[in-house]
Amino acid sequence: MGDLEALREKLRGFVEARDWAQFHSPKNLAMALGGEAGELLEVFQWLTEADSKALKPEQRDAAAMEIADVFLY
């Protein structure tokens, strides 16, 4: 099983354990994705172009976490 397939299976188990599938309509998932993308944008808000290419460690960590959330949706 590939890495992505293993991740997909873990996510399915996570959702099943919480009975969240009932909420995973296209509309709800699209809205959640938009929210996560907005959180990623917040990391870069008000930075200059140069600053956005040289993030501080805490900014880089925050961006990485939000990119992961976007990826999972």
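Heads up: the structure comes first, above all this text.
These numbers were taken from a predicted model, which means no experiment stands behind them. (Residues numbered from 1 in each chain as written. Predicted model: local features only at pLDDT ≥ 70, side-chain atom pairs only at ≥ 80, totals over all residues. Heavy atoms only, no water.)

Engineer: Can you walk me through helix α4 (residues 57-72) in this structure?
Structural biologist: Along an α-helix, a turn takes 3.6 residues, which lines up residues three or four apart on a common side. A rise of 1.5 Å per residue sets the reference length of α4, with its 16 residues, at 22 Å; its end C-alpha atoms lie 23 Å apart and thus fit the reference within 8%. By the burial criterion, the buried members of α4 are Gln59, Ala63 and Glu66. Viewed end-on, α4 has its buried residues packed into an arc of 70 degrees, placing them on one side of the element. Residues of α4 that are exposed and angled more than 90 degrees away from the buried face: Pro57, Glu58, Asp61, Met65 and Phe71. In this fold, the buried residues of α4 make contact with α2 (26-44). (Helix = DSSP H or I, 4+ residues; strand = E, 2+ residues; numbered from the N terminus. Expected span 1.5 Å × (residues − 1). Buried < 20%, exposed > 50% of the residue type's maximum accessible area, 1.4 Å probe, protein only. Arc of directions from axis to C-beta. Contact = heavy atoms within 4.5 Å.)

Engineer: Where do I start with the layout of surface pockets in this structure?
Structural biologist: Rolled over the atoms, a probe as big as a water molecule pinpoints where empty space is left. Roughly 560 Å³ of internal volume is contained in the largest pocket. Residue lining of the largest pocket: 16 residues in total, with Leu11, Val15, His24, Leu72 and Tyr73 positioned closest to the centre. Elements that contribute at least two residues to the lining of the largest pocket include exactly α1 (3-18), α2 and α4. Each residue belonging to the lining of the largest pocket can be placed in one class, and the counts come to 12 nonpolar, 2 polar and 2 charged. (1 Å grid on protein atoms, 1.4 Å probe; cavity = no way out; pocket = protein on both sides within 12 Å on 5 of 7 lines; lining within 4 Å. Points joined across faces, edges and corners; volume = space filled by probe spheres on them. Nonpolar A, V, L, I, M, F, W, Y, C, P; charged D, E, K, R; others polar.)

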